[in-house]
Amino acid sequence: MLKRLLRICPFIFCLFSLIVFADPVYFKQFTFDDDNDLLKWKKMILNREVDYLLRWYGAQGFVQASSNGACSALYRRVKYRLTDYPLISWKWKVEQFPDIGEKGTEAEKDDFAARFYVIFSSWSFSSSKFLEYVWAKDLEVGTVLGSKSGENVKRIVIRNSSSESETWLAEVRNVYEDYKFAFGQEPPKKVGAVAIMCDADGTNSIAESLFDDIQIERLAEK
Amino acid sequence: MAKRKRRRYFVNNTFQYRYIAVVIVPLIILMAGLYYIMYYSMFTHMLIPEAVTATLLPAMKKVNFVLLATLPVTLFLIIRAALVDSNRVVGPVSRLERELDMILAGDRSVRLNIRAKDDLKPIVDRMNRVLDTISK
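Not measured: the values here are computed from a predicted model.

Definitions and limits used
Residues numbered from 1 in each chain as written. Chains lettered and ligands numbered in written order. Predicted model: local features only at pLDDT ≥ 70, side-chain atom pairs only at ≥ 80, totals over all residues. Helix = DSSP H or I, 4+ residues; strand = E, 2+ residues; numbered from the N terminus. Rg over C-alpha atoms; globule rule 2.2 N^0.38 Å. Buried ≥ 20, exposed ≤ 12 C-beta atoms within 10 Å, placed from the backbone. Contact = placed C-beta atoms within 7 Å. Pairing = 2+ DSSP bridges. Axes fitted to C-alpha atoms, helices over the stretch in contact; angles between N-to-C directions.

K.L.:
Just to check I follow, could you spell out the overall build of chain B for this structure?
P.N.:
Helix and strand content of chain B: 3 helices and 0 strands. Going from the N terminus to the C terminus, chain B shows its helices and strands as α-α-α. Taken over C-alpha atoms, the radius of gyration comes to 24 Å for chain B, far larger than the 14 Å a tight globule of 136 residues would show. When the backbone C-alpha atoms are referred to their principal axes, chain B occupies close to 85 × 25 × 25 Å. The 136 residues of chain B split such that 13% are buried. A separation of at least 24 residues holds for 59% of the contacts in chain B among residues at least 6 apart in sequence.

Okay, here's the thing in structure tokens:
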């Protein structure tokens, strides 16, 4: 009996080590497949409330964001080292773009059907950084936009109306590289939150987008 | 005992400097800390940059303006309170030293004087009772 125990001890030790020391691929996964998944996300209303609702496609849930001249975000606090988990992936789809005219005003141009924020919160607003991925209507993919909110906010256009919008589109972004590209400097060490937003308050029109499967993950081993 | 008005709030004494510093420095640190906690908790609650710039920063600008406008009055009141409070301890000391010197010089009729609100009053009262007992 004792001999048999001693024989399986190394296997148990290896299994224990794997469980304790193994680095998970994902830091967080937000699949929205549970009824309570949205409860852990907080609302921040900027100009009237956007409806963020959990919808179902069979057993799979997703978030539907519908804005009727409104602008509000849904955010989730996360705290992790960006160098440990530099990738963020998610799926999204734009159902309706805000009605931005050809000669849209600055406020109108500030409306995006879908935005994804990575927030590097610090001890003050001026030292916090905000990287936004936006699905614009008319802007060219790859454009880096500033924001009237300040120099610490950068937006990267990663989709526009010419992108295929009949189906869900999956994004995998290297936030570390994107930050360097947008800000031209090394990113802060820690990410503080992620957020999604749909806004159409500048145009006072209707916009709708869908979000699903947000994942914060490691770089794949080569 | 006749009520005597305090004439000098500031007696040039390192103890009083130290006392005032002990009152003012923690108070300023506490106020700055509370201000920061208030700002930071609102900032972390809002988090989205558009929300912060549209609501929090204008509000903080107003708060800063009010704080700056009232700062001279606030500082005056704090320093005045610190001076009055410290003077209740430090103020009578030099006079007590003078009166005790007179007693030591042989004048047994001298009694120690102190204002009703001074912090050393209970001790001075007892010392006067001791002097009364010795004089009998």
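K.L.:
What's the story with the sheet that holds strand S10 (residues 153–159) of chain A in this structure? I'm lost.
P.N.:
Read across the sheet, 7 strands follow the order S2-S5-S12-S7-S8-S10-S9 (chain A) without closing on themselves; strand pairing throughout is mixed. In this open sheet, the two edge strands, each paired with only one partner strand, are strand S2 (42–47) and strand S9 (144–145) of chain A. Contacting S2, strand S8 (129–135) and S10 of chain A, helix H2 (residues 49–104) of chain B crosses the sheet at an angle of about 55° to S2 of chain A.

K.L.:
How should the environment of Trp92 of chain A be read in this particular structure?
P.N.:
Residue and element names in this part refer to chain A. Summarising the element assignment, Trp92 is placed in strand S6 (residues 87–96). Trp92 sits in the buried class, given 27 other C-beta atoms within 10 Å. Sequence separation between Trp92 and Ser209 is 117 residues, and the spatial gap between their C-alpha atoms is 7.2 Å. Discounting chain neighbours no more than four positions away, the residues touching Trp92 are Ala114, Trp135, Trp168, Leu169, Ser209, Leu210 and Phe211.

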